[in-house]
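In case you want the letters, here they are:
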Amino acid sequence: MEIVIANESHFKYAQIICDTIAESAKIRGTGIAKRTPEYIMKRLQNGNAIIALDGDKFAGFCYIEVWGNKDFVANSGLIVHPDYRNQGLAKQIKKAVFDLSRKKFPDAKIFGITTGLAVMKMNYELGYKPVTFSELTDDPEFWKGCQTCKNFDILTRTEQKMCLCTGMLYDPNAKKVEEPKKLNSKAFQRLKQIKETLFLKKKQK
């Protein structure tokens, strides 16, 4: 398995990356910001992505988005092809794109929003902390990307303060504290259930 910084030579994988992301979201029944092959190609072209390949077969991917005049960056679109799941590959890709973000944008805060407990756990182990949406970028282009998510109406109703996703942030300038303890998955699952009960009931009324 080869995990590398992507470039123009990987343009041929743009469509399968988009298809794999969309299919995964459909199976999980979760919201997701859709991306086009052209959007993915731009990230490949500027060296802001990590791709995993098994020979010439696509295995996994994640890319960097830059927001707020480089004050914030997000590691987005983390995906592993179904043929390569449950092998720890997602964690390797996540670590690689995190390291690339720190190298290219050393002073930027790294953030993400997700409904997936597995991604929350990986973020937590890298030093991310759960935060409110107000602590994330206020760049309207980032939040515009949520428009294709099926839960976008929730974000709109709460005036961009809350959604089913959990916001997580890594601040390189934060004071170092003791090594993070193991993520309390049950607490995050409970939080997700509370949000779903609160917001989805309102939607049905």
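Residues numbered from 1 in each chain as written. Predicted model: local features only at pLDDT ≥ 70, side-chain atom pairs only at ≥ 80, totals over all residues. Heavy atoms only, no water.

Caption draft 1: Fine view of the nonpolar core. Counting residues in hydrophobic clusters, the biggest one holds 22 residues, and the most contacted among them are Ile64, Val73, Leu89, Ile93, Phe98, Ile110 and Tyr128. Looking at this core, the elements that each hand over two or more residues are strand 2 (49-54), strand 3 (57-67), strand 4 (72-80), helix 3 (89-104), helix 4 (117-126) and strand 7 (166-170). Here this core takes five residues from helix 3, the largest share from any one element. Non-local contacts of Leu89, meaning those with residues more than four positions away in its chain, are made with Met1, Ile3, Ala52, Ala59, Val80 and Tyr84. (Core = buried A, V, L, I, M, F, W, Y, C linked by side-chain atoms within 4.5 Å. Buried < 20%, exposed > 50% of the residue type's maximum accessible area, 1.4 Å probe, protein only. Helix = DSSP H or I, 4+ residues; strand = E, 2+ residues; numbered from the N terminus. Contact = heavy atoms within 4.5 Å.)

Caption draft 2: Fine view of unusual backbone geometry. Its identity is not glycine, yet Glu159 carries a phi of approximately 55°, on the positive side. Inspection of the secondary structure puts Glu159 in the loop between helix 6 (152-157) and strand 7.

Caption draft 3: Layout of the pairing of strand 4. Of all nine residues making up strand 4, seven are buried, and the element is well covered by its neighbours. Between strand 3 and strand 4, which pair antiparallel and follow one another directly, the connecting turn spans four residues, one of which, Gly68, has a positive phi of 55°. Judged from the three bridges that link them, strand 4 and strand 5 (residues 109-114) form a sheet pairing that is parallel. Pairing of Phe72 across the sheet is with Lys109, part of strand 5. Crossover handedness for the path strand 4 to helix 3 to strand 5: right-handed. (Pairing = 2+ DSSP bridges. Right-handed = clockwise from strand over helix to strand, strands pointing away.)

Caption draft 4: How the structure looks around the packing of aromatic side chains. Counted by the stated rule, this structure contains ten aromatic pairs. With centroids separated by 6.0 Å and ring planes inclined at 45°, the aromatic side chains of Phe98 and Tyr128 adopt a geometry described as tilted. Taken as a pair, Phe98 in helix 3 and Tyr128 in the loop between helix 4 and strand 6 (129-131) lie far apart in primary sequence, 30 residues in all. With centroids separated by 6.4 Å and ring planes inclined at 50°, the aromatic side chains of Tyr128 and Tyr170 adopt a geometry described as tilted. With Tyr128 in the loop between helix 4 and strand 6 and Tyr170 in strand 7, the pair connects residues that are 42 residues apart, well separated along the chain. One aromatic cluster is present, built from ring pairs that chain together Trp67, Phe72, Phe111, Phe133, Phe142 and Trp143. The residue whose ring lies beneath Arg35 is Tyr39, and the NZ or CZ to ring-centre distance is 4.5 Å. Positioned above the aromatic ring of Tyr39, the side-chain terminus of Arg43 is 3.9 Å from the ring centre. (Phe/Tyr/Trp six-rings, centres within 6.5 Å; stacked < 30°, edge-to-face > 60°. Lys NZ or Arg CZ within 6 Å of the ring centre and 35° of its normal.)

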